[in-house]
Each structure stands twice: as structure tokens, then as C-alpha cells.
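Take a look at the letters that make up each chain.
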Amino acid sequence: MKTKQCYKCHKKFPATLKFFNEQPKSEDGLGKFCSKCARAQLFALLKWYYGITREDWNKLYKKQHGCCAICHRPQTELSHRLGVDHDHKTGKIRGLLCSICNAHYGWFEKFKYDIIKYEPKPKPKHRHKI
Ligand SMILES: [Zn+2]
Ligand SMILES: [Zn+2]
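In this text the structure is predicted, and so the values were computed from the model without any measurement. (Residues numbered from 1 in each chain as written. Chains lettered and ligands numbered in written order. Predicted model: local features only at pLDDT ≥ 70, side-chain atom pairs only at ≥ 80, totals over all residues.)

1. Considerations on the nonpolar core
Move 1: Judged by nonpolar contacts, Cys68, Leu82, Leu96, Leu97, Cys98 and Cys101 together constitute the single largest core of 6 residues.
Move 2: Excluding anything up to four places from it in sequence, Cys68 contacts Arg73, Leu82, Leu96, Leu97, Cys98 and Cys101. (Core = buried A, V, L, I, M, F, W, Y, C linked by C-beta atoms within 7 Å. Buried ≥ 20, exposed ≤ 12 C-beta atoms within 10 Å, placed from the backbone. Contact = placed C-beta atoms within 7 Å.)

This is the structure:
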């Protein structure tokens, strides 16, 4: 069987999707890192980017029963991993969202007052700064 060496842990694994993540752009269609290292990499990235640890992520994941916090679609039905949504002002983690909700929520947050303004009723008294 064809084997492939992980770039990170340098261990050799069978060159299959069971041991490596899918990477359609690469020559063999597999990622550089074994699935274990790819996972570790992802959590290292989460920690760096959001300040969330693997435990925090798992806690949220469990709390939301593995579903998106807004549309409640389970992770198993999604093509992308649930992303961390955090309050941009306070940096506080709000929850895990699917990529669609995450993108639209950000969009809604940004334009909600314009949306209210656009809708004739009810009229907002003041336009708050976002
Ligand atoms: Zn590895
Ligand atoms: Zn969603």
C-alpha cells in the first residue's frame, strides 16, 4: 500500500483519506499533515486567533449538541467545521456557527440599523453607531 509521511510528526501512514485530510489542490488529493496533526494544527490556530482552547471548543460543541447555534444544522450535515463566533467589541466567544450563519450574522450585525431604517415600520428613534 502507498504510504505518505506526515510533514509534522514525520510518521508514515497509508495514503488514504482515513489518515489524511482531503486537499483537492494537492497532487495526491491529500493534505500535508496526518489527520491527527491537522486537528492539532486547527486547535493551535483557534487558540491563536480566538483565544479559545480545545476544551472550550469541545464544551461549546457539547452544549450546542454539535449543531450550529443559529440554524441548528448538525456538524455532520455541514461541509465545513463549525466556526467560532465572537463579539468583536468585547472579544467574548458567543458560540459556534456554521459558515453560512457566521457570514450572514456578521453581515446582519453590520447592517441591522440600515435594515430597520429600510423597513417602514417600526421606525427607530435614533440611529445608533454600530
Ligand atoms: Zn502527523
Ligand atoms: Zn447555521
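2. Concerning the environment of Arg54
Move 1: The residue Arg54 is located in helix H2 (residues 54-63) in this model.
Move 2: For Arg54, a count of 14 C-beta atoms within 10 Å corresponds to the partly exposed category.
Move 3: Residues Arg54 and Pro74 lie 20 residues apart in sequence; the distance between their C-alpha atoms is 19 Å. (Helix = DSSP H or I, 4+ residues; strand = E, 2+ residues; numbered from the N terminus.)

3. Comments concerning the domain arrangement of the chain
Move 1: Annotation of the chain at the domain level lists domain 1 (1-50) and domain 2 (52-130).
Move 2: For domain 1 and domain 2, the distance between their C-alpha centres works out to 29 Å.
Move 3: Contacts between domain 1 and domain 2 engage 4 residues on the former and 7 residues on the latter.
Move 4: Taken together, the residues that form the side of domain 1 that touches domain 2 break down as 3 nonpolar, no polar and 1 charged. (Domains from an automatic or database assignment. Nonpolar A, V, L, I, M, F, W, Y, C, P; charged D, E, K, R; others polar.)

4. Digging into helix H3 (residues 99-118)
Move 1: With 20 residues, H3 ought to run about 28 Å at 1.5 Å a step, and its terminal C-alpha atoms sit 26 Å apart, in line with that.
Move 2: Along H3, the sharpest kink reaches roughly 65°, centred on Phe111. (Expected span 1.5 Å × (residues − 1). Bend = angle between axes of the 7 residues up to and from the residue.)

5. Here we look at H2
Move 1: With respect to burial, H2 is a largely exposed element, only 1 of its 10 residues being buried.
Move 2: Just downstream of H2, His65 is the residue with a positive phi angle, here 55°.

6. Here's the deal with unusual backbone geometry
Move 1: Phi at His10 is positive, roughly 60°, even though this residue is not glycine.
Move 2: When you line up the elements, His10 lands in the loop between strand E1 (3-5) and strand E2 (12-14).
Move 3: You will see that His72, though not glycine, has its phi angle at about 60°, which is positive.
Move 4: Of note, His72 is situated in the loop between H2 and strand E5 (83-86).
Move 5: Under the C-beta neighbour-count criterion, His72 is labelled exposed, with 11 such atoms within 10 Å.

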